[in-house]
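# Close look at the chain arrangement
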Amino acid sequence: MDTMTDDLLLLTTDDRPAGRIATVSFNNPDKRNALGREGKKRLIEMLNELSRDDELRVVVLTGVGDTAFVGGADLSEMTAYDPARGYAAATITHLTCQAVRDVPVPVIARINGYCFGFGMELAAACDLRVAVDDAKLGMPETRFGIPSGMEACLLPMLVGWGKARELVLTGDHIGAAEAYRIGFLERIAPRDGLDAAVEGWIDSILKCGPVVTRAQKTLVQDWEKLSVSDSIEAGIRAFARSFETDEPKRMIEAFLNRRKARHG
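Residues numbered from 1 in each chain as written. Predicted model: local features only at pLDDT ≥ 70, side-chain atom pairs only at ≥ 80, totals over all residues. Heavy atoms only, no water.

## Quick look at the environment of V132
Where we set the bar: A run of H or I in DSSP becomes a helix once it reaches four residues, and a run of E becomes a strand once it reaches two; helices and strands are each numbered from the N terminus. Three labels apply to residues, based on accessible area from a 1.4 Å probe with only protein chains included: buried if under 20% of the type maximum, exposed if over 50%, partly exposed otherwise in between. What makes two residues a contact is simply this: any of their non-hydrogen atoms within 4.5 Å.
By the secondary structure assignment, V132 is in strand β8 (residues 128-132). Looking at V132, the relative accessible area reads 0%, which means it is buried. Separated by 19 residues in the primary sequence, V132 and G113 have C-alpha atoms spaced 6.6 Å apart. Look past the residues within four positions of V132 in its chain and what remains in contact with it is I111, N112, G113, A176, A189, P190, R191 and L194.

Structural data, given as structure tokens:
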């Protein structure tokens, strides 16, 4: 297991027989792991570099410590904003979330505490989300005189229009149980079970073919923007392309051989 640290991000890689697991930890616990513009730029660079790794199978995003995933933006930066600076900062926020969505393998949000504003947008950009059972989540921007924008637009797909409106119009916080109930979280776990929940997903993903996992992630993102008929056509093409490698043949034959061995 290898670790690379700077003052805002911690990258740990775990090479396993089935491929590489990368964990990116936000490393600013004194400010609830707020990244600021500089941290977001570094995160984009790190994710882009990871995305070029052919051995990569899963990325996990989390926060250092037990207090926060990302507890929001660095508000001290915003006091000097004018419209031009606001536009640039919002663009960086979007590009950071887009870098998460562009990672070609599953990205898991390991939400270990407060998850507000940019933190909730970042989690929404991930493929799977698990939170500690005492986590707090929310979109409080309107309480600071600014709208929730950028990847907040993903919320209606995850929680429905009504709950998305409630979150961004009230700025209220919700607990992990409510976030799970409305569909933002796929799992919740006690603090001592958070890593086991993440590892359960990693174990399942590593049992899938590495080529098809990347194809499946792309297909899911196609579903977000295509009509039903176009999504079906994209699925047909993806199914056909899967046979350009020997992955289906190898995995199907291995399954049939295991079943034959079990049943004699």
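So, next bit.
## With respect to the packing of aromatic side chains
Where we set the bar: For this analysis, a ring pair means two rings from Phe, Tyr or Trp (six-membered ring only for Trp) whose centres lie within 6.5 Å, classed as stacked if their planes differ by under 30 degrees, edge-to-face if by over 60, and tilted for the remaining angles. A ring is scored as having a charge over it whenever the NZ atom of a lysine or the CZ atom of an arginine sits within 6 Å of its centre and within 35 degrees of its normal.
Enumeration over the complete set of coordinates arrives at three aromatic pairs. On the numbers, 5.4 Å between centres and 65° between planes, the contact of F239 with F243 is edge-to-face. In this structure F239 comes out as exposed when scored by relative accessible area, which is 58%. The residue whose ring lies beneath K40 is F118, and the NZ or CZ to ring-centre distance is 4.3 Å. Looking at R129, its charged tip hangs above the ring of F184, at a distance of 5.3 Å from the centre.

## Concerning helix α9 (residues 210-225)
For clarity, the cut-off: Each helix should span, by expectation, one fewer than its residue count multiplied by 1.5 Å.
The end-to-end C-alpha separation of α9 is 24 Å, in line with the 22 Å expected for 16 residues at 1.5 Å each. Buried residues along α9 sit in contact with β4 (56-63), α3 (83-102), β6 (107-111), α8 (194-206) and α10 (228-241).

## As for the side chain of R101
Short version of the rule: Think of a polar contact as two N or O atoms within 3.5 Å of one another; within protein, one of them needs to be a possible hydrogen donor and the other a possible acceptor, and neighboring residues in sequence only count if both atoms come from side chains.
Residue position: R101 is located in helix α3. For R101, a relative accessible area of 15% translates into the label buried. A polar side-chain atom of R101 sits 2.7 Å from a polar atom in the side chain of E224. Residues contacting R101, with those up to four places away along its chain left out, are A125, L154, K217, Q221 and E224.

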